[in-house]
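The chain contents come next:
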Amino acid sequence: MKIVIIGASGTVGRAVTEELSRRHEVIRVGRTKGDHQVDITSQASVQALFEKIGPMDAIVSASGGLHFGPIATMTDSEFNQGLQDKLLGQVRLALTGQHYLNEGGSITLISGIVAHEPIAQGVNATTVNAALEGFVRAAACELPRGIRINLISPTVLTESAEAYDGFFPGFASVPAATVAQAYRRSVEGVQSGRVYKVGY
């Protein structure tokens, strides 16, 4: 399979790349690193990426920025950061990428545990992650040509637990390599419209 991994240089992206490259041709994409670069907040950038790469079998996203901060002082422009990046950015990858996927191809996006377990200063993250779940469930009902779509929803990563400890008190962590197995399940499996929870 020819697999495009967006966010390949991040903690999850590196683990997914390592896992999938054992059996498939992997194209690494990042904002500033990788085989190609993309800004997922830009339709023109996403379109240009897929035009360059051409037909593919799977689109994998391990990308998307969010805004963390207290709701009491949050502005609409701060809240909009997560909407434009992690939410619409990944939706854009799916909407645009579907036209470059081979028949029976797949799309895998990423959300996170805060869709179900809100945390302090995580209003934007909870909203975005929950919206991504809704998008994937609905898109799976309509995607043509046997194209599948799933969502990976991990708890806090073991590799990032120390940095985010104040945000996730008492949450068990999960290694990125375990999250990568859920991506493999999505890419190589047969299911669609699924939210694969990892570590919770």
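As annotated in an unreviewed UniProt entry, the protein chain carries the name Short chain dehydrogenase and is attributed to Leclercia tamurae.

Enquirer: What am I meant to see in the packing of helix α2 (residues 43–53) against helix α3 (residues 76–97) here?
Expert: Each packed pair of helices is defined by two parameters, the angle between the axes and the distance between the axes. Packing of α2 against α3 brings their axes to within 10 Å, and their N-to-C directions diverge by 45 degrees. Taken as axis vectors, α2 and α3 run oblique relative to one another. Pair α2 / α3 crosses with right-handed handedness. Here α2 contributes Gln43, Val46, Gln47 and Phe50 to the contact with α3, which in turn contributes Arg92, Leu93, Thr96 and Gly97. Grouping the amino acids of the contact of α2 with α3 by side-chain chemistry returns three nonpolar, four polar and one charged.

Enquirer: Any chance you could explain the layout of surface pockets here in plain terms?
Expert: There is about 840 Å³ of room inside the largest pocket. Taken together, 35 residues form the lining of the largest pocket, with Ala62, Gly64, Lys86, Ile110 and Tyr164 sitting closest to its centre. Secondary-structure elements contributing two or more residues to the lining of the largest pocket are α1 (11–20), β2 (25–30), α3 and α4 (123–139). Here the element with the most residues in the lining of the largest pocket is α1; it accounts for three residues. Classifying every residue of the lining of the largest pocket gives 17 nonpolar, 14 polar and four charged.

Enquirer: Mind showing me how you'd approach the pattern of salt bridges here?
Expert: Close approach of charged atoms lets side chains of opposite charge pair. Taken as a whole and judged by the stated rule, the model has nine salt bridges. Of the charged contacts, one joins Glu133 and Arg137 as a salt bridge, the two residues approaching to 3.9 Å between their closest N and O atoms. Of this pair, Glu133 and Arg137 both sit in helix α4, four residues apart, roughly one helical turn. Each of the salt bridges in this network shares a partner with another, and the network as a whole consists of Glu18, Glu19, Arg22, Arg23, Arg184 and Glu188.

Enquirer: I tried to follow the nonpolar core on my own but got confused; where do I start?
Expert: In a soluble, globular protein the nonpolar side chains are often hidden away together inside. Core analysis: the biggest nonpolar cluster contains 30 residues, and Ile6 and Ile149 have the highest contact counts within it. At the level of secondary structure, the elements contributing two or more residues to this core comprise β1 (2–6), β2, α2, β4 (56–61), α3, β5 (101–110), α4 and β6 (148–154). Sorting elements by how many residues they give to this core places α4 first, with five residues. Setting aside residues up to four positions removed in sequence, Ile149 forms contacts with Ala94, Ile107, Leu109, Phe135, Val136, Ala139, Ala140, Leu143, Ser192, Gly193 and Arg194. One finds Leu20, Ala58, Val60 and Val179 within the second-largest nonpolar core, a separate group that totals 23 residues.

Enquirer: When you look at the side chain of Thr17 in this model, what are you seeing that I'm missing?
Expert: Positionally, Thr17 belongs in helix α1. Since its relative accessible area comes to 5%, Thr17 is described here as buried. A polar contact is formed between the side chain of Thr17 and the backbone oxygen of Gly13, at a distance of 2.8 Å.

Enquirer: Would you take a moment to explain the environment of Gly105 for this structure?
Expert: Residue position: Gly105 is located in strand β5. On the basis of relative accessible area, Gly105 is assigned to the buried category, the value being 3%. Each C-alpha atom, one on Gly105 and one on Gln90, is 17 Å from the other, the two residues being 15 residues apart in sequence. Discounting residues that sit within four places of it in the chain, Gly105 has contacts with Asp57, Gly146, Ile147 and Arg148.

Enquirer: I'm lost on α3 in this one. Help?
Expert: Three or four residues apart is the spacing at which side chains of an α-helix point the same way, because the helix has 3.6 residues per turn. For α3, the principal kink sits at Leu88 and spans about 40 degrees. Every buried residue belonging to α3 is among Gly82, Asp85, Lys86, Leu87, Gly89, Gln90, Val91, Arg92, Leu93, Ala94, Thr96 and Gly97, and all of these are buried. The elements touched by buried residues of α3 are β1, α2, β4, β5, α4 and β6.

Enquirer: Can you help me understand helix α5 (residues 176–188) in this one?
Expert: The end-to-end C-alpha distance of α5, which contains 13 residues, comes to 18 Å, matching closely the 18 Å that a straight helix rising 1.5 Å per residue would cover. Buried residues of α5: Ala176, Val179, Ala180, Ala182, Tyr183, Ser186 and Val187, and no others. What you see down the axis of α5 is that its buried residues fit within an arc of 155 degrees, all on one side.

Parameters at a glance
Residues numbered from 1 in each chain as written. Predicted model: local features only at pLDDT ≥ 70, side-chain atom pairs only at ≥ 80, totals over all residues. Heavy atoms only, no water. Axes fitted to C-alpha atoms, helices over the stretch in contact; angles between N-to-C directions. Helix = DSSP H or I, 4+ residues; strand = E, 2+ residues; numbered from the N terminus. Parallel < 35°, antiparallel > 145°, perpendicular 65-115°, else oblique. Left-handed = near helix turned anticlockwise from the far one by under 90°. Contact = heavy atoms within 4.5 Å. Nonpolar A, V, L, I, M, F, W, Y, C, P; charged D, E, K, R; others polar. 1 Å grid on protein atoms, 1.4 Å probe; cavity = no way out; pocket = protein on both sides within 12 Å on 5 of 7 lines; lining within 4 Å. Points joined across faces, edges and corners; volume = space filled by probe spheres on them. Salt bridge = Lys/Arg side-chain N within 4 Å of Asp/Glu carboxyl O. Core = buried A, V, L, I, M, F, W, Y, C linked by side-chain atoms within 4.5 Å. Buried < 20%, exposed > 50% of the residue type's maximum accessible area, 1.4 Å probe, protein only. Polar contact = N/O pair within 3.5 Å; in protein donor to acceptor, adjacent residues only side chain to side chain. Bend = angle between axes of the 7 residues up to and from the residue. Expected span 1.5 Å × (residues − 1). Arc of directions from axis to C-beta.

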